[in-house]
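# Fold and geometry: a report
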Amino acid sequence: MVRSWYELSEYVQLRRVNGLSLSPDGTRLVAPVSDLAPDGRSFRNTLWEIDARPESEGGTAPRRLTRSTKGEAGAGFLPDGSLLFVSGRPDPEAESSDESGSALWLLPVDGGEARQIASTHGGVGAFTVARESGLVAFTGRVLPRSEDQEEDAEARKARKEAGVTAILHEALPVRSWDSDVGPDHPRLFVAEPPRDEDSRLGDPRDLTPDAGLSLLGASPALTPDGSTLITSWSVPAGGGSTRGEVVAIDTATGERRTIAGGPDEELEFGGPLVSPDGTRVLLHAGSEGSYDGEPRDHTLWLTDLATGVGRDLLADHELWPRDYAWSADSSTVFLVADQNGRRPVFRVDVATGELTRVTGDHGAYSELAPSPDGRYVYALRDAWDAPPAPVRLDADAVDGEPTPLRTPGSELSMPGTLTEIETTADDGTRIRSWLVLPEEASEESPAPLMLWVHGGPYMSFNGWTWRWNPWLLAARGYAVLLPDPALSTGYGQDMLRRAWGKWGPRTHADVMAITDAAVARPDIDAERTAMMGGSFGGYMANWIAGHTDRFKAIVSHASLWQLDGFSGTTDYPPVWEREFGTPLAQPERYRLNSPHLSADRIRTPMLVIHGDKDYRVPIGEGLRLWRDLLLHEVDAKFLYFPDENHWILTPGNAKIWYETIFAFLDHHVHGKEWVKPELL
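Residues numbered from 1 in each chain as written. Predicted model: local features only at pLDDT ≥ 70, side-chain atom pairs only at ≥ 80, totals over all residues. Heavy atoms only, no water.

Here we come to the side chain of Gln493. Positionally, Gln493 belongs in the loop between β35 (479-484) and α4 (494-497). At 3.0 Å, the side chain of Gln493 and the backbone oxygen of Arg296 are in polar contact. Residue contacts for Gln493: discarding those within four places in its chain leaves Pro295, Arg296, Asp297, Glu318 and Trp320. (Helix = DSSP H or I, 4+ residues; strand = E, 2+ residues; numbered from the N terminus. Polar contact = N/O pair within 3.5 Å; in protein donor to acceptor, adjacent residues only side chain to side chain. Contact = heavy atoms within 4.5 Å.)

The subject of this paragraph is the pattern of salt bridges. All chains considered together, the criterion is met by 37 salt bridges. We note a salt bridge from Arg296 to Glu288, for which the minimum N-O separation is 3.3 Å. Grouping residues by exposure puts Arg296 and Glu288 together as buried. Between Asp338 and Arg343 there is a salt bridge whose closest N-O contact spans 3.6 Å. Taken individually, Asp338 and Arg343 each receive the classification buried, so the pair is uniform in this respect. (Salt bridge = Lys/Arg side-chain N within 4 Å of Asp/Glu carboxyl O. Buried < 20%, exposed > 50% of the residue type's maximum accessible area, 1.4 Å probe, protein only.)

This brings us to unusual backbone geometry. The omega torsion across Gly182 and Pro183 is 5 degrees, close enough to zero to call that bond cis. Along the chain, Pro183 turns up in the loop between β13 (179-180) and β14 (185-191). In the segment running from Gly456 into Pro457, the intervening peptide bond is cis, with an omega of 0 degrees. Residue position: Pro457 is located in the loop between β34 (447-453) and α3 (470-474). Within the chain, Glu367 stands out as a residue other than glycine whose phi angle is a positive 55 degrees. With respect to the secondary-structure elements, Glu367 resides in strand β28 (residues 364-370). Overall, Glu367 belongs to the partly exposed group, its relative accessible area being 30%. In the Ramachandran plot, Leu487 falls in the positive-phi region, its phi being about 80 degrees despite a non-glycine side chain. Its place among the elements puts Leu487 in the loop between β35 and α4.

Let us look at the nonpolar core. Ranked by internal contacts, the top residues of the largest apolar core, which has 54 residues, are Leu451, Trp503 and Ile544. Counting residues per element, this core draws most heavily on helix α6 (residues 536-545), which supplies seven residues. Apart from the residues within four sequence positions on either side, Ile544 is in contact with Leu451, His508, Val511, Met512, Met531, Phe551 and Ile554. Within the second largest apolar cluster, 41 residues are counted, among which are Leu8, Phe461, Val480 and Phe664. (Core = buried A, V, L, I, M, F, W, Y, C linked by side-chain atoms within 4.5 Å.)

Shown next, in the form of C-alpha cells:
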C-alpha cells in the first residue's frame, strides 16, 4: 500500500484505472490505465490485462499490453478474443508518415505486435463489434460535402493549403466542453473483420452519409449477427435545440428507422445496448425538465427491436441509471445508480420488473461486465476511501460484498478516516454528508474544516475523484465535508424539486445546515473554516461568498457568476433554458439566483480559478467575477490557465492548482505569510 501518495510529486505519478472490458470467454479483463507520459507533462493511457480470478483462486498479476507514447483508448474484442483499441500511434506500414488522428488497432489474442486495421482522415472514435459475426462498426469524422474518403482527403488538403480554419455553423452546438464542433462531423462505418493475421478490416461502408450533426456523441451498438446497427440520432427541435432519438440501421442496405423517440415524445433516448439474443434494446431515457413543470428525470427503457414498442424498466423506482449491462441469457439487466451517497449495483428481472440491490457496501460501481456463464458481474469499484479497482460480484447476491481482483492501479493507504454525518434542513429534509477526518483530529486537537460543494448540480458526492481529492487536504490537517444538498441525485425526485429553479437560496440553506452539524463536533475547529467548489460548486462558492462571512477563505473554480451572460455562452444553452428560461422572456430566476447581484456584500478572501478552454462555463464568467471582486476591494487572487478546460488535467498544472490552494488556505485559515508557489 502506498503511504505517502498524498505528496503532490507522488500523487501525479499514480496509476489510475479508467475502464473495464471482459473477453468473450470471460477469462480476462482489459483496462485502460493512465499514468505519466514519458515527457512527464501529460497523462497517457496504456492497456493492461487483468485476470478474472481473484488471487485466492490462482489469479495472476496484471500484465501491461501496450506501450505507445500516444497511448490507447477504449477496448473491445472480436469473437476470437483479439483485442481492438483506438490509438493515435503512427502506423509503421503506412506509405506516408503525415497521417493524423486516431485509428483502430488490433492486438492478437495470443500476443505479438499490434497492427492498424482501420482509419479515416478525420480519425476513428467510438467502435463496437457484433458478438457473433465479428462485424465492426465505428465512427469516423468526415467533412460535410465529402462523399468518400478520397474526397475528404482532398477537401482537408484544400483547407490546409488555403490556410482556412473557419467553421460556418447553421445549428447548435458550436462547442462542447473543450472542443470545437466541426468542420467535420461523425459518420458511422461498418466493415467485415480481418480475413487473416495480416489483413485490415474489409472496405468500410458509410451507413450515414446524411448524418450532419446527428451523431455527435453517439455510441453505436450492433446486434449479435451484425445485421442491424443501433445508434442515438439527434434531431433539430426548434429554437436551436435538439431531441434525442434512437434509430436502427440495416447494415446491408443502410435503411434507417426510428425505434424510440419522436416529435410527440416527452422523453429523449440514447445509449443503446442490444440484448445478447438480439431481440431487445436497452436505452437511457430522460427529460431535461420544464420551466413550469417537473425537474429533470432519467430512467432505463426496454424496447422491442422489431416493433419499437417500449416500456420503462424502472417505472416504480426513482433511480437514475448511470451504467447498465445485460446478463448473458438476456433475462436480467444489471445497472448502477446513485443512492444515499453510494452507487450500488442493482439487477432487474426483465420479465417481472423485480429490482434487487446486488451490493451492500459504501462503494460506487461502474463499467459492469457480466460473465458469459451468468455467475458473476465484473466491475470497477471506488469509494471516497478507495480509488477505482476491478472487482468480481456474485450475480445472484443480495447486498453482497465485492471480491477484489489484482489491480494494475494504485492501492493506497488513507491519511485519515471516513465517516458520515447528517442533519435536518429548515424544511424538514434529511441532509447527509461524507466527512473526511485527518488522523490527528480529536477534541484536544480539532481540525480546521474545508467545505466542498459538488458540481453538476445533478450528481452525488459518492465516489473517488482524482481531480478533487480530499485526502490531499486531510494529509495537511483539514477535515473535508462532502455534502449532498438539494439537487443531489440518489435521494428521489423531491430532492430536485426543492431547488428546481431556486439553486442559490435552497442549496445555500442545506449547505449551511450540514456545516453547522459538522462544526458542532468536538473534533472540528469552528473558528477555522474554508469553502471551495467547482462548476456548480463554484457557483455555490460565489453565492455563499455573497450571503455569509462565516468562512476564512473561499475557492471558486470554473464558476457561474453572472447568469444572464452565462446562459447564452455555455456550450448548449437549450438544456439550461429548460430550467431557467431566457433572460429577456423570463428574468425572474436570473434575479433570484445570480450570485453577481450580491457582489457588494462579499468580504471573504477569494481565490478564483478558471481555464480559458472551458466551454461549459466560459472564461468570461471567471473574468467578470475577478473584475467585480477588484471593484469591491475584496482580497482576491485569480489563477488562470490559458490551455486548460473545465478541469485541470495536465500533471504540472494540477500540481500548481493544489499548491496555490494550499498556499491560499495557509495564509487565510492559518494566518501564515502569503507565499506564492515557486513556478508562478
